[in-house]
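Letter by letter, the chains look like this.
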Amino acid sequence: MTRARRATLLSYAILIIAGFASIFPILWIIGISLKTQADAFAMPPKLVFVPIWDHYAKVWADATFIKGFLNSLFAALLGNLMAFAIGIPAAFALNQKRVPGRATILAWLLLSYMLPEFLFVIPIYGLFQASGLYDTVFGLALVYQTFTLPFTIWMMRAFFADVPFALYEAARLEGAKSWQILLRVYLPMAAPGIAATAILNTIRIWNELAIALGLTFDKAQTVTLAVAAYRGYAAIDWGALSAAAITSILPMLIFAVLAQRQIVGGLSLGAVK
Amino acid sequence: MAAVEFQNVGIRFGEVPVVRDLSLIVEDGEFVVLVGPSGCGKSTILRSIAGLAAINEGDMRIGGERMNDADPAARDIAMVFQSYALFPNMTVAQNLGFGLKIRGEARAGIARKVAEVAAVVGLSDHLHKRPGALSGGQRQRVALARAILRRPGVFLFDEPLSNLDAEFRTAMRAEIVRFHRNQGASMVYVTHDQTEAMTMGDKIAVLAPLAAGHKANLMQYGTPDEVYNRPANLFVARFIGTPRMNVMTLPVDGGTVRFGSQTLALPPAAAHLGKVVLGQRPEHLRLAATGSESGLAGSVEHIENLGHEMILTLATDLGPLILREARSAKVPSLGQQVRLVLDPDHVHLFDPVSEQRIE
Ligand SMILES: Nc1ncnc2c1ncn2[C@@H]1O[C@H](COP(=O)(O)OP(=O)(O)OP(=O)(O)O)[C@@H](O)[C@H]1O
Ligand SMILES: [Mg+2]
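This structure is a prediction, so every number in the text was calculated from the model and none was measured. The numbers attached to residues start from 1 for each chain and follow its sequence in the written order. Chains carry letters from A onward and ligands carry numbers from 1 onward, assigned in written order. Thresholds applied to this predicted model are a pLDDT of at least 70 for local features of residues and 80 or more for the giving and counting of side-chain atom pairs; totals over whole chains, interfaces and linings are not thresholded and use all residues. Remark: hydrogens and water are excluded; side-chain values derive from all non-hydrogen atoms of the structure.

Engineer: Is there a simple way to explain the domain arrangement of chain B in this structure?
Structural biologist: How big an interface is tends to be expressed through the accessible area that disappears when the partners come together. All names here are of chain B. Per the domain assignment, the segments of chain B are domain 1 (4–236) and domain 2 (246–358). Where a domain begins and ends is set by an automatic assignment or by a domain database. Between the C-alpha centres of domain 1 and domain 2 the distance comes to 39 Å. The contact criterion used is simple: two residues touch if any of their non-hydrogen atoms lie within 4.5 Å. The partner domain 2 presents nine residues to the eight residues of domain 1 that form the contact. Note on terms: buried area is the combined drop in 1.4 Å-probe accessible area of two parts once they are placed together, counting the loss on both. When domain 1 packs against domain 2, the two sides together hide about 820 Å² of surface, and 52% of this comes from carbon and sulfur. For salt bridges, the criterion is a side-chain nitrogen of Lys or Arg within 4 Å of an Asp or Glu carboxyl oxygen. Taken together, the connections running from domain 1 to domain 2 amount to zero salt bridges. Helix and strand definitions here come from DSSP, where helices need a minimum of 4 consecutive H or I residues and strands a minimum of 2 consecutive E residues; each element is numbered from the N-terminal end. Ranked by the residues each element gives to the side of domain 1 that touches domain 2, the list is headed by helix H7 (residues 224–229), at three residues. For the side of domain 1 that touches domain 2, a count of residues per class yields five nonpolar, two polar and one charged. The nonpolar class holds Ala, Val, Leu, Ile, Met, Phe, Trp, Tyr, Cys and Pro. Asp, Glu, Lys and Arg form the charged class, and all remaining residues, Gly among them, are polar.

Engineer: What exactly am I supposed to notice about the sheet that holds strand E6 (residues 77–80) of chain B here?
Structural biologist: The pairing of strands in a sheet happens through backbone hydrogen bonds and is either parallel or antiparallel. Residue and element names in this part refer to chain B. On the basis of which strands lie adjacent, the open sheet formed by six strands has the order E6-E7-E8-E3-E9-E10 and mixed pairing. Two strands close off the open sheet at either side, each with one partner strand: E6 and strand E10 (218–222). Ignoring strand direction, the axes of neighbouring strands in this sheet form an average angle of 15 degrees. Two strands pair when backbone bridges link them, and strand E3 (residues 31–35) and strand E9 (residues 203–207) are joined in this way by four bridges, in the parallel orientation. If you follow Val35 over to E9, its bridge partner there is Val206. Whenever a helix is involved, its axis is fitted only over the stretch in contact; in every case the axis is a line through C-alpha atoms, and angles between N-to-C directions fall within 0 to 180 degrees. Together, E6 and strand E7 (154–158) form the strand contacts of helix H4 (residues 136–149), whose direction differs from that of E6 by roughly 175 degrees. Whether two strands pair depends on DSSP finding at least two bridges between them.

Engineer: Please clarify how the nonpolar core should be interpreted in this entry.
Structural biologist: Note on soluble globular proteins: their nonpolar side chains tend to be buried together. As used in this record, nonpolar core signifies buried Ala, Val, Leu, Ile, Met, Phe, Trp, Tyr and Cys residues forming a set joined through side-chain atoms within 4.5 Å. The buried label applies to any residue whose accessible area, calculated with a 1.4 Å probe on protein chains only, is under 20% of its type's maximum; exposed applies above 50%, and partly exposed to all values in between. Phe160 and Tyr186 of chain A together with Phe6 and Leu156 of chain B are the most contacted members of the largest nonpolar core, which has 63 residues in total. Tallying contributions element by element places helix H7 (residues 137–161) of chain A first for this core, with seven residues. Those residues in contact with Phe6 of chain B that sit more than four places away from it in its chain are Leu22, Ser23, Leu24, Ile45, Ser48, Ile49, Asp59 and Met60 of chain B. Val117, Ala118, Leu134 and Leu144 of chain B belong to the second largest nonpolar core, which has 48 residues in total.

Engineer: Sorry, what's going on with empty space enclosed by the protein here?
Structural biologist: A water-sized probe, rolled over the atoms, reveals where empty space remains. Here a cavity means grid points, on a 1 Å grid over the protein atoms only, where a 1.4 Å probe fits yet cannot get out; a pocket means an open set of points with protein on both sides within 12 Å along at least five of seven lines; lining residues are those with an atom within 4 Å of a point. Grid points are joined across faces, edges and corners, and a volume is the space filled by probe spheres set on the points. Tallied over the full model, the rule gives one cavity of 30 Å³ or more. Along its surface, the largest cavity is lined by Ala170, Leu173 and Glu174 of chain A together with Ala78, Met79, Phe81, Ala143, Arg146, Ala147 and Arg150 of chain B. Of all the secondary-structure elements, those providing two or more residues to the lining of the largest cavity are helix H8 (165–173) of chain A together with E6 and H4 of chain B. It is H4 of chain B that contributes the most residues to the lining of the largest cavity, three residues altogether. Along the lines of polarity and charge, the residues of the lining of the largest cavity split into seven nonpolar, no polar and three charged.

Engineer: Teacher, can you tell me more about the side chain of Arg75 of chain B here?
Structural biologist: Residue and element names in this part refer to chain B. Of note, Arg75 is situated in the loop between strand E5 (65–66) and E6. Only four residue types enter the charge count, namely Lys and Arg as positive and Asp and Glu as negative; His and the chain termini do not. For the buried Arg75, no salt bridge exists, and the shortest N-O distance to an oppositely charged side chain is 6.3 Å, to Asp69. At 3.0 Å, the side chain of Arg75 and the backbone oxygen of Ile49 are in polar contact. For the purposes of these results, a polar contact is taken to be a pair of N or O atoms within 3.5 Å, where, inside protein, one atom must be able to donate a hydrogen and its partner to accept one; residues adjacent in sequence count only when each atom of the pair is a side-chain atom. Among the polar contacts listed, one links the side chain of Arg75 to the backbone oxygen of Met67, at a separation of 2.9 Å. Beyond its immediate sequence surroundings of up to four residues, Arg75 is in contact with Ser48, Ile49, Ala50, Gly51, Met60, Ile62, Met67, Asn68, Asp69 and Ala70.

Dropping the structure here:
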C-alpha cells in the first residue's frame, strides 16, 4: 500500500469516526422518541424495538410547543430582517476606503458578536418590563441584534470587499448613485453571501436559550424553551422531550439539506474562506 | 479648444506626493499616450481626469471648463479599465445599457442603442451572454462598447491590452488606433509598454516616479519621433527604445571625447564640461571592417539572432554595449574580437549632473 493511499484511508477513518460521534446522540434521541418509556430505559439498550408515534402525536398536538415553534420562526424572520435592513447599508459604508477607524470598528463588531448573550439579559430585563417589550417576539428579535447585527455587518462587509472596487468606479462613471450601486451591483454579486449569512443567523437564533429564558414568560416563549418545558418539576417526560427535540431540529435540517450548496458556496466565497 | 488641460497639477495620497507640477495639454481629437515605469503616476493622472482621484493643486480642464471637483458622471469622459470592470451579474446587453438605464432612458431606446453599438464592435451575437462566458478580447470589446455608448469627448484607457496575449494585443492595438480615427474623439491612453506608446500615440508623455527623486513627473511631451530622436533627458533616452540606448560617461578633453581611437568634437555647449554623458542607440553603433584599428575594441559576449537582424552584446572598456545590425552582414562568433565605431551624426549628449540634453 502506498503512502498516499494509507493517508487517504486514515483520513477517511477519522472522518467516519467524527461523523459517527456527532450523529450518535441524535440517533439515540430519535431512538428514545420512538420507544415506550420501558423500552427506552431497558438495560442493555434495545436496538430492535417496535416504534411508536405516541410521543410525536403528543408533542404535535401540544399548543405550547406549537406556539414556541412559531415564535422561533417569527423571531428568526424578524431578526434577519432587522439585521439585513441595517447591516447591509452599514457594511456597504464600512467597505468604502475612506472610513476613519475602520479596522477598530470591525474589531469591535467581532468582539461584540462574541460576548455571552446572558450579559444583556439583566440590564435589558428592566428596560423591557418598563417599555412593554418583555415577553414579545419583537423584543426578542431586537435583543438578538446584539449578536445578529455585528455578525451580519461583519459577513456582508467581507462579501462586499470581494467585489472589485473598479466595478464601483465604473458604475460611478455611468452616473449611478451609491444606493443604486449597492442595489444593482453589490447585492446581486453578494447574493450567495446573503444566503449563507441568513442561514447562520437563523441557526443561532433558533438555538438561542439564555435570552429567551430571561426575557420571555409565556406569550413569546421560543422552541428551545418549549422543548425544555417537558422537563417537569417532578418527572421528566423523556419520550416527549426527545420527540420535541427532534421536531425542533427538523426545520434546520431540511433547510440545511436544501441550501447546502448555497451555504458551502457562500462560505467559501470570501468571508470565512 | 483643448480637450484636456492640466495646469500645475499636484496630487497627493495622504502626505505622499504622487503627481507634482504637471502641465500638459491634450488637443481636441488627439491620441495621447501616458507612458512610464510602474508607480510613476500614470493611472493616477488618468483617474484624476475621470474624477476618481482628487486633485490637490492646480487646475484640470475638460473642454475648457475647470473640472477639478465635478461629478465623474458630468465630465464628458468614458473610461476603459484595465480589468474591464464589467458587471459579472449582468448580460452583455445589460452591461452596455447600465448607464442609460441609470439615466432613466426608455427601454426601447436603450435596446436600440445597445444593438447599434454591439454591431459596431462585433458583439451582436453575444448580447445575451454574461462576461464570464466571453474571451478576453470579447470582454475588451464590451468595455470599449460601453465607453462608445456614452459618446464622450474624451476616452480614457488604463492599460486596456495588458490582459491579452501578445498576438491579440497587436491586433487590438491596430483596432483601437482605427477606432480613434473613426471616432475623432480625444483619447488618453495609459501604458507602461513603450512599444505601445510609440506605435499608437499622436503624442507621448513620458513620466517618471517622484519617489525616484524627480522634481516633476513629466519628463518629455512630444510626438513619438521627437521623443525617440531627441530625448530631452537621460530618463527618456533610457526608457524609450528597445534595446535600450547605450549610455557612457566620458571625460572631455580639449572640447572632444574619445571612443577608443575615435575622436568626437563636442558642440560648444558641452565643450567646457569636465565630463559628458554620451548616448547612442544600438542601431547606430557599427562594427568596423575587419582589420581596421578605428573605434573601440570589444568582444562578442552574447548574440541574439532574430532572423532579419541580430542584437549583439559586446564587452568593452566602457562597459557592455548593445549593437543592432541587419542580418545582411556576416554574424560574428561568440568571443570574437571586434571594433566598434560611433555614428557621429546620431550621438546624444547629456549633462552628467542635470541629466538634460545638450544640443
Ligand atoms: N489610493 C491610493 N492610496 C495611496 N497611494 C496610492 C493610491 N493609488 C496609487 N498610489 C501610489 O501612487 C503611486 C502612483 O500610482 P499609479 O497607480 O498612478 O502608478 P502607475 O504609473 O499607474 O503604475 P502601474 O504601471 O504599476 O499601474 C504609487 O506609488 C502608488 O503606490
Ligand atoms: Mg496603473
